[in-house]
Amino acid sequence: MAGRSAAPHVAPLIERLNTKYPGARYELNYETPFQLLVATILAAQATDERINRVTPALFAKYPGAKAFAEADRAELEKDLKPTGFYRNKAKAVQECARALVERFGGEVPPRMEDLVTLPGVARKTANVVLNNAFRIPSGIIVDTHVQRVSQRLGLSAQTRPEKIEQDLMRLVPQEEWVQFGPALVLHGRYTCTAHKPKCGACLFEDLCPKIGVEEADEGGEAPANEEAGAERQAGSVPSLAGQLPPDWRDVLADEFAKPYFRSLQEFVAAERGEFAVFPPDEDVFNAFRFTPFEEVKVLLLGQDPYHDDGQAHGLCFSVRHGMKPPPSLVNIFKELRDDLGIPAPAHGYLESWAKQGVMLLNAVLTVRAHEPASHKERGWETFTDAVIRALSARARPVVFLLWGAYAHKKEELIDASRHVVLKAAHPSPLSAKKFFGGKPFSQTNQALGRLGLTPVDWRISGENEAETKAMPAEPEPAKTAAPPAEPEPAHPAAGVPRTALTSLHSPRHAALLPEDWRHALADEFDKAYFHKLEKYIDAERQEHAVYPAEDAVFRAFALTPFASVKVVLLGGEPSAKKGQSDGLAFSVPPGVAPTPALKNLFQELRADLGHRVPRTGCLEPWAKRGVLLLNVVLTARAGEPGSHAGRGWETFTDAVVRALGARDKPLAFLLCGEAGARKEKLVAGGRHAVRTLPEPASREFLGTRPFSAANDALEKRGLSAVSWRVYVP
């Protein structure tokens, strides 16, 4: 391929890139190929600038592959914490280093076919190392910048990096590959940016077809001279309006021409030119990106973004993965636990709330680093007032959560005759005593129910799972020097992250199956049936809707620790109807009408113990008091009851019953239906109380008095009875 001429329309692009970026290289700092390999792995979901701040001390402490391979993992994680996603990165770097030591004498091999066999190294990373450290034209680097620029220039219509690389390698002579990739990266990073590209200042302005670039998104003409450029310096940066999603841009269009907004834009641009400003430019409007205008059902109003490094990312109260939750967020999680019994997550990333329709909006959207309230009264408040007014004017109702005196002032902007306003103290440590006990999460769901809207699932998935999903997945390693020519996915769900089950025994899913249960069931995870079950559920989730959601499959275990189980209430399988399954046998999410089985349970509860029929079907209070609400089968395909029976869940829950039956501490088993009755033989008689029951959905269940029977059995064995009341917050 060497010596081949460039395609005619590509030759001027190459010439201009070489003139603009002579000797272009990746902007990661390194002295050896190994250092560049490590830095490239660490650069996932982090800026090169951040990585360059970390690596000098890192490479001084760990001078080579052997030092990384032998490092204490916990200490390495601590060293990598500033890079973000530090647990995944520590694992990736260490496993890569160990492979280098074991197979290549601790040296980075200068061949594509060797590099892509290393853990965590796919074709893009290998190209970065070979192109930059060895100056070997192994291929063309394709990162997000190259992908974007290639598409806008019309060099590739593909979306997958390996296919874009194939297109570029056909167009660009091999002797240009080493220069072309890094130069295109720099062009995408500083000129052809994702938001508000600087088309007027682009060296390809007369050649670029601007594919996918709307006229409103362009950054304007280049200044005619330096003086004009100085006068328009603020206007040359990405406009604030251009960064909003189209739906919100339309809703707020009247604001952009107002004097306050132009002044705000100039102020933010000037601040970014002189100081570090949080959140990063591309994250300022994440609250709008994650929650489209028509999908907002809750607005939670904050005040100012976090001002410390790496915290703010455009969602109020939320912090990035790897960052310690600030005190206000810690207090929010405490109230979430007390309100709904939801354990505090291992991280403070609230994207899952935003994607359910909870708009996490700060009144002020930017802040100077380490200077709280430094962007106050510069125009943001006027803009976010317009956001609140627009939501208030919308036909579909919204629940507004106003926390703290500052947020309370916004109540006057809201039409309370059509919307619900819930006020509370701010969760800051200064006012947390007044915040605690307000039950804002259950109040919100009750209000949504009254408005005819689905409740919010306030649970947050575990840190490691979320980190894995957030980190960009490189293409599968190619085993030859040429990029793989793979077919496009046959199903639209292809490429979906693997399910919780697929890596259940991996430490990153500790939040899904707690450590105590994982220890009790450790022998199951290597058995053939479990591997088959994993593959089956993985395939099912890619092809169909499956209930409950991944992060709720093991919720019964999360809410009832192994040593705390006093009663096992065994059901058959989760509901196959949308919105009814929450991972607890017989239970439904807050605000969802009870199923026939649950209605009979409550009717029997009243007849047995005289308790009033609850107004909620969420049985979390039982789970928190030691009642393991376990189904024999833990998942079901949407609309197809019984679809996951006989696939391995029965064997797994047999192991659960055996593990509990082998425990010294006695407990009561309430085994419902035929599926439950089959478990009776697994329980050692004498020590435990076992009672089989008809299906709760059947009339035969009524009159069985299971609740008093369980409590009698517990008290006879010296244990306290269960409080079966289900309180409505």
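No experiment lies behind these values; they were computed from the predicted model shown.

Draft legend 1. Inspection of the sheet that holds strand 3 (residues 358-362) at higher detail. Taken in spatial order, the four strands make up an open sheet running 3-2-5-6, and their pairing is parallel. Unpaired on one side and paired on the other, strand 3 and strand 6 (420-424) mark the two borders of the sheet. Taken over all neighbouring pairs, the strand axes of this sheet differ in orientation by 20° on average, direction set aside. Here strand 5 (residues 399-403) runs beside strand 6; their pairing, made up of five bridges, is parallel. Bridging from a neighbouring strand, F400 pairs with V421 of strand 6.

Draft legend 2. View of the environment of K577. Take K577: it is sitting in the loop between strand 8 (567-571) and helix 28 (596-609). A C-alpha to C-alpha distance of 9.3 Å links K577 and A636, two positions 59 residues apart in sequence.

Draft legend 3. Looking closely at unusual backbone geometry. For the peptide bond that leads from F278 to P279, omega is -10°, which places it in the cis range. Structurally, P279 can be placed in the loop between strand 1 (277-278) and helix 17 (286-290). Here the bond from Y547 into P548 is cis, since omega is -5°, no more than 30 degrees from zero. Relative to the assigned elements, P548 resides in the loop between strand 7 (546-547) and helix 27 (555-559). If you check the backbone angles, A373 has positive phi at about 65° while not being a glycine. Mapped onto the secondary structure, A373 falls in the loop between strand 4 (367-368) and helix 20 (380-393). A relative accessible area of 39% places A373 in the partly exposed class. With phi around 60°, E377 is a residue other than glycine that occupies positive phi space. Tracing the backbone shows E377 in the loop between strand 4 and helix 20.

Draft legend 4. Structural detail: the packing of helix 2 (residues 33-42) against helix 3 (residues 48-61). Contact geometry of helix 2 with helix 3 gives a least axis separation of 11 Å together with a crossing angle of 135°. Relative to helix 3, the element helix 2 is oriented oblique. The two elements helix 2 and helix 3 cross, and the hand of that crossing is right-handed. Of the residues in helix 3, those in contact with Q35, V38, A39 and L42 of helix 2 are I51, T55, L58 and F59. The class makeup of the residues in the contact of helix 2 with helix 3 is six nonpolar, two polar and no charged.

Draft legend 5. Main features of the sheet that holds strand 9 (residues 627-631). Ordered in space as 9-8-11-12, the four strands form an open sheet in which the pairing is parallel. Every interior strand has two partners, whereas the edge strands, strand 9 and strand 12 (689-693), have only one. Recorded for the sheet is a direction-independent mean angle of 15° between the axes of neighbouring strands. Packing against the sheet, helix 30 (residues 649-661) makes contact with strand 8, strand 9 and strand 11 (668-672), and its axis sits at approximately 155° to strand 9. Its contacts with the sheet put helix 32 (residues 706-716) on strand 8, strand 11 and strand 12, and the angle it makes with strand 11 is roughly 155°.

Draft legend 6. Expanded view of the confidence of the model for the protein chain. Per-residue confidence for the protein chain gives a mean pLDDT of 83; residues scoring 70 or more make up 87%. Within the protein chain, the element-level pLDDT minimum falls on helix 12 (residues 226-231), averaging 32, and the maximum on strand 3, averaging 97. Scored below 50 in pLDDT, residues 220-238 shows 21 contacts in the model against residues more than four places distant or in partner chains. Segment residues 462-511 is flagged for pLDDT under 50; beyond a separation of four residues in sequence, or across chains, it makes 111 contacts in the model.

Draft legend 7. View of the packing of helix 9 (residues 144-153) against helix 11 (residues 177-190). At a closest axis distance of 8 Å, the pairing of helix 9 and helix 11 adopts a crossing angle of 80°. As the angle between them shows, helix 9 and helix 11 are arranged roughly perpendicular. Residue-level contacts link H145, V146, R148, V149 and S150 of helix 9 to G181, L184, V185, H187, G188 and R189 of helix 11. Here the residues of the contact of helix 9 with helix 11 are counted per class, giving four nonpolar, five polar and two charged.

Draft legend 8. Fine view of empty space enclosed by the protein. For the coordinates displayed, the defined rule picks out five cavities of 30 Å³ or more. The computed volume of the largest cavity comes to approximately 110 Å³. The element contributing the most residues to the lining of the largest cavity is helix 9, with three residues. Tallied by class, residues from the lining of the largest cavity come to nine nonpolar, two polar and four charged.

Draft legend 9. Expanded view of the packing of aromatic side chains. Counted according to the given criterion, the structure contains 33 aromatic pairs. Summarising the aromatic geometry, the rings of F317 and W403 are spaced 5.7 Å apart at their centres and angled 50° between planes, so their arrangement reads as tilted. Here F317, found in the loop between strand 2 (298-302) and helix 18 (327-340), pairs with W403, found in strand 5; they are 86 residues apart in sequence, far enough to count as distant. Taken individually, F317 and W403 each receive the classification buried, so the pair is uniform in this respect. Taken together, a centroid distance of 5.9 Å and an interplanar angle of 70° make the contact between W380 and F383 edge-to-face. Of this pair, W380 and F383 are both found in helix 20, three residues apart, which corresponds to roughly one turn of the helix. On the basis of relative accessible area, W380 is assigned to the buried category, the value being 0%. Assessed through its relative accessible area of 0%, F383 is described here as buried.

Draft legend 10. Seen up close, the environment of V319. Tracing the backbone shows V319 in the loop between strand 2 and helix 18. Distance from V319 to Y306, taken between C-alpha atoms, is 8.2 Å for residues 13 residues apart in sequence. If near-sequence neighbours (up to four positions away) are discounted, V319 is found in contact with Y306, Q311, H313, K324, P325, P326, L329, G348 and Y349.

Draft legend 11. Structural detail: the pairing of strand 5. Taken across its five residues, strand 5 has five buried, putting it largely inside the fold. In strand 5, alternate side chains face the same way, and those of V399, L401 and W403 on one face and F400 and L402 on the other are all buried. One ladder, built from four bridges, connects strand 2 with strand 5; its direction is parallel. Considered in strand 5, the bridge of L300 is made with L401.

Draft legend 12. Representation of helix 30 in the model. Helix length check: helix 30 (13 residues) gives 18 Å between terminal C-alpha atoms against 18 Å at 1.5 Å per residue, within 8%. Every buried residue of helix 30 is listed here: W649, F652, T653, A655, V656, V657, A659, L660 and G661. Those residues of helix 30 that are buried are in contact with helix 25 (515-520), helix 26 (528-543), helix 27, strand 8, strand 9 and strand 11.

Draft legend 13. Up close: the nonpolar core. Counting residues in hydrophobic clusters, the biggest one holds 73 residues, and the most contacted among them are W248, F288, W353, M359, W380 and F383. The dominant element in this core, judged by the number of residues it contributes, is helix 20, at seven residues. Counting residues in hydrophobic clusters, the runner-up holds 67 residues, among them V10, L36, Y62 and V142.

Draft legend 14. Structural detail: the pattern of salt bridges. Throughout the structure, instances matching the rule amount to 29 salt bridges. Among the ionic pairs, E371 bridges to R368, the shortest N-O distance being 3.1 Å. Taking relative accessible area as the criterion, R368 reaches 18% and is therefore assigned buried. Two residues, D608 and R705, come together in a salt bridge whose shortest N-O distance is 3.5 Å.

Cut-offs and rules
- Residues numbered from 1 in each chain as written.
- Predicted model: local features only at pLDDT ≥ 70, side-chain atom pairs only at ≥ 80, totals over all residues.
- Heavy atoms only, no water.
- Pairing = 2+ DSSP bridges.
- Helix = DSSP H or I, 4+ residues; strand = E, 2+ residues; numbered from the N terminus.
- Axes fitted to C-alpha atoms, helices over the stretch in contact; angles between N-to-C directions.
- Buried < 20%, exposed > 50% of the residue type's maximum accessible area, 1.4 Å probe, protein only.
- Parallel < 35°, antiparallel > 145°, perpendicular 65-115°, else oblique.
- Left-handed = near helix turned anticlockwise from the far one by under 90°.
- Contact = heavy atoms within 4.5 Å.
- Nonpolar A, V, L, I, M, F, W, Y, C, P; charged D, E, K, R; others polar.
- pLDDT = per-residue confidence, 0-100.
- 1 Å grid on protein atoms, 1.4 Å probe; cavity = no way out; pocket = protein on both sides within 12 Å on 5 of 7 lines; lining within 4 Å.
- Points joined across faces, edges and corners; volume = space filled by probe spheres on them.
- Phe/Tyr/Trp six-rings, centres within 6.5 Å; stacked < 30°, edge-to-face > 60°.
- Expected span 1.5 Å × (residues − 1).
- Core = buried A, V, L, I, M, F, W, Y, C linked by side-chain atoms within 4.5 Å.
- Salt bridge = Lys/Arg side-chain N within 4 Å of Asp/Glu carboxyl O.

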